[in-house]
Amino acid sequence: MKPAPLTYRHKPLPIGLISFMLLCTGALPIIALSDKSGPGNAEKKAGLYGEEINCDQINWAVWENFYGDSATATINNNGTQLKVTMTANYTFGSTPAIYDFENKLRSYPGAPPNTRVPMTTWATEANGTTTMCFNETVEDPVLLLASLGGTGGPSATLSFSKPYTVIFDGGNMEYHDSYSLTGTEGYALIMFPGEFTCLTVNSTTPEYYTNITWGLKPRPFEIDVQAVSVNCNTAVFTATGAASYTWNGGDSPNDATNSFHENGTYLLTATNAEGCQSTVPVTVTLAPSLEESQPTFTFDYPDNMAICNGDSTVFEVQGDTSYLYQWYLNGMPIDGATGQRYVAREAGDYHVGVALCPSTVYHSKIVTVELVIVEAPERNSESGTFCLGSTLSLTLSNYSGRETIQWYLNDEPIPGANGVTYYATEPGYYNISLSYLGCTAMSLPYLLQYDPPLEVSFDESIRRLICRGQETEITAAVAGNLDGIRFQWSTGATTPGIMVNQPGDYTLTVTNSRGCSTSASITIDQFPDMPSFTLPDTIICYLNDEVLRLEAPSGFASYRWNGEESNRHWIEITQEGHYELLVTDHNGCTALHTFSVSAYCDDIFIPNIFSPNGDGINDTWNISGLEGEDGIRIRIFSRTGQLITDTSTPNPAWDGTINGSAAPEGAYYYLIERTSQRNQQYKGSLTLIR
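**As for the overall build of the protein**
When you go through the protein residue by residue, the secondary structure sums to one helix and 59 strands. Burial analysis of the protein (690 residues in total) assigns 41% to the buried set. Contacts spanning at least 24 positions in sequence make up 57% of the contacts within the protein whose residues lie at least 6 apart. Counting every atom, the protein has about 35,800 Å² of accessible surface; 48% of that belongs to carbon and sulfur.

**Some points on the pairing of strand S11 (residues 165-177)**
Here S11 pairs with strand S12 (residues 180-191) via nine bridges, running antiparallel. Residue pairing in the sheet places Thr165 in a bridge with Met191 of S12.

**Here we look at the packing of aromatic side chains**
For the structure on display, the rule yields 30 aromatic pairs. Seen from their ring centres, Tyr342 and Tyr350 are 6.1 Å apart, and the 40° between their planes marks the pair as tilted. The buried category is assigned to Tyr342, whose relative accessible area is 19%. Given a relative accessible area of 0%, Tyr350 falls into the buried group. When the ring centre of Trp570 is taken as reference, the NZ or CZ atom of Arg568 above it lies at 4.5 Å.

**Here we look at the side chain of Ser566**
Take Ser566: it is sitting in strand S47 (residues 564-566). At 3.0 Å, the side chain of Ser566 and the backbone nitrogen of Arg568 are in polar contact. Once residues lying within four places of it in the same chain are set aside, the contact partners of Ser566 are Ser558, Tyr559 and Trp561.

**Digging into the state of the cysteines**
Enumeration according to the criterion identifies three disulfides in this entry. The disulfide partner of Cys55 is Cys276, and the gap between their sulfur atoms is 1.8 Å. A torsion of -45° about the S-S bond marks the disulfide between Cys55 and Cys276 as left-handed. Of the two residues, Cys55 is situated in the loop between strand S2 (52-54) and strand S3 (59-66) and Cys276 in the loop between strand S19 (264-271) and strand S20 (277-284); the sequence distance between them amounts to 221 residues. For Cys55, a relative accessible area of 5% corresponds to the buried category. Exposure remark for Cys276: the relative accessible area of 0% places this residue in the buried category.

**Section: the side chain of His593**
With respect to the helices and strands, the residue His593 is situated in strand S50 (residues 590-599). Using a relative accessible area of 15% as the deciding quantity, one classes His593 as buried. Of note is the side chain of His593, whose polar atom sits 3.2 Å from the backbone oxygen of Phe533.

**Some points on the pairing of S19**
Burial runs high along S19: six of the eight residues are buried. When strand S17 (residues 244-247) meets S19, the two strands line up antiparallel, connected through four bridges. From the neighbouring strand, Trp247 faces S19, where its bridge partner is Leu268. Sheet analysis places S19 next to S20, joined by eight bridges and oriented antiparallel. Each bridged residue has a counterpart across the sheet, and for Gly264 the counterpart in S20 is Val284. Joining the antiparallel neighbours S19 and S20 is a turn of five residues, in which Gly275 adopts a positive phi near 90°.

**A closer look at the pattern of salt bridges**
Within the structure shown, the criterion is met by 12 salt bridges. For Lys365, the salt bridge identified is with Asp303, shortest N-O distance 3.0 Å. A residue pair is termed long-range when its members are at least 10 positions apart, and Lys365 in the loop between strand S27 (360-363) and strand S28 (367-372) and Asp303 in the loop between S20 and strand S21 (304-308) qualify at 62 residues. One salt bridge in this structure joins Glu551 and Arg549, with 3.1 Å as the shortest N-O distance. Several salt bridges converge on common partners, so that one network encompasses Glu139, Asp140, Arg219 and Glu222.

**Things to note about unusual backbone geometry**
Located in the positive-phi region is Asn172, a residue other than glycine, with phi close to 65°. Structurally, the position occupied by Asn172 is in strand S11. On the basis of relative accessible area, Asn172 is assigned to the partly exposed category, the value being 44%. Of note in the backbone geometry, Asn330 takes a positive phi value of approximately 55° without being a glycine. Mapped onto the elements, Asn330 comes out in the loop between strand S23 (324-329) and strand S24 (332-333).

**What about the sheet that holds strand S39 (residues 472-479)?**
Pairing is antiparallel in the open sheet, where three strands are placed in the order S37-S39-S41. With one partner strand each, in any of the chains shown, strand S37 (455-458) and strand S41 (497-500) form the two edges of the open sheet. Taken pair by pair, the neighbouring strands of this sheet meet at an average axis angle of 25°, ignoring direction.

Here is what the cut-offs are and how they apply
Residues numbered from 1 in each chain as written. Predicted model: local features only at pLDDT ≥ 70, side-chain atom pairs only at ≥ 80, totals over all residues. Heavy atoms only, no water. Helix = DSSP H or I, 4+ residues; strand = E, 2+ residues; numbered from the N terminus. Buried < 20%, exposed > 50% of the residue type's maximum accessible area, 1.4 Å probe, protein only. Contact = heavy atoms within 4.5 Å. Areas by Shrake-Rupley, 256 points an atom, 1.4 Å probe, with all protein chains shown as cover. Pairing = 2+ DSSP bridges. Phe/Tyr/Trp six-rings, centres within 6.5 Å; stacked < 30°, edge-to-face > 60°. Lys NZ or Arg CZ within 6 Å of the ring centre and 35° of its normal. Polar contact = N/O pair within 3.5 Å; in protein donor to acceptor, adjacent residues only side chain to side chain. Disulfide = S-S within 2.5 Å. Salt bridge = Lys/Arg side-chain N within 4 Å of Asp/Glu carboxyl O. Axes fitted to C-alpha atoms, helices over the stretch in contact; angles between N-to-C directions.

See below:
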């Protein structure tokens, strides 16, 4: 049902609009491309290898839910289902169609289907915010604006968090720059080039309403944009991959190569040989401004420095934070070293370059760093099991003969322990140090443990008596040295705990990194099986208020019919459907039984066409199956929603007249209510022909 034509200044709510709480369901069709002659068909052009390219394709949102200040939709983006969420700091609703769509927007080849879309007022007062977010990063989102602002005013102005480009102008729009626009009953499709997750629309003028919707425009082809050069005053970019180019700024906006003198995000629209267009954002960031004087900085260090192996020294240059810095080692720039501080960890000649602009660099003096290298000690220990009573031989494996050796226990030097080998007889952390010319290297600590016997116990909370098929978790508490502990169950599992559903004996063996191990067992028993029974499928005539009683065996601890707890072993059924019963015995064991109840009543037949032309055939619209039933109410409506007849009769029928006159041919809609049958309703359409 289409809204009536709009001929007055402010647009009315379309016929059929209820409220923003109603849901509009149904799949939104993808734009069909049949031929090039019909209106609204997206233009196809031959590609480089003969394939057809859809230059104007837009994958539009299908709006599903409206919640007052938010709405959700989905977009079929070439086979990928994307979620779209729209939120606002004001309440908005929806309309079943886009306002003045046929006159203003239909001519665009990639126009959306004219279906339910959001209806925004932009704010209950000034400073409204509307945010559109996608569930993943998308490329080139498109915003449709229909009836932005009033016909004679007030106009409505919007600003955006990202730059846009106009892909279709439906009239009455003023585009201020790439971030804002104004509409006076305006219509447009604008695209936000680039990749985004969320976009924000800011509004300053509340209005009656504007229809909006969102889509994604696949790029017909990709554009390659490269920075040719960037200095303090000018950045030069060049684009390839198209036949012609249009920039929204720069010295040469119609050339592939363009120069910029201000920072910002610029939009490049490229057209290929087939006439298709793609738009991409290009971000320009110039180097700092070049000053005439040289930078002032301080780099005050001795000409020669020494550091020990594993240590470092920090160089820092004092200067303005706006300067450009680059650190050098042996005359070569160090990758990533562009801050005012640098930590030197190796020998060589260091200096720093300082610049106001990359074209002019001033260099500091050179500082030579010498590294005194003492290799970190490496230890060999004998293999074996280090359980209670064992002795471990610790040996230094990389001794050069020049260093002084010192063994440590728990960070304290061991008196007289200065040899290559040390025999450990007590637990603790062992280290080795090697010293030479004032530089010392320390090994990593080695933890030596003489393990006491491991102990395994099973918690009393473990369910040791289970129902048939029921799972129980067996976990064990292990006491002792748990370093490198390993678990091995008699089932083959190697996890700390296992799930079992069979009775029997289960054994766990635990072993630590020293090779010490122990075992323990636990027995799981099973309750006697529950009594078995079945609930057969059956039938019911719920239209005749038939009540069907089904019973299960008594004696169970509890009965849960269709998820509802009950102490009854029976259920009364009044309608068809699938049912289930979960019984629990006094041991806590459960069994699930399912059964179906089918309807067996005769069908009610409602014709969808009749011909009241007096020929004696189908002259009356009669409903079979309801004859003689009280509480029947029939209402018939025209296709515009006008009530034609409203009657209550035990023999439902209509003779095709309105107030005694023959009703015109066409489609009508009926609503039948049965108050005697739990307020059942039947509704649908019928066709009257003569």
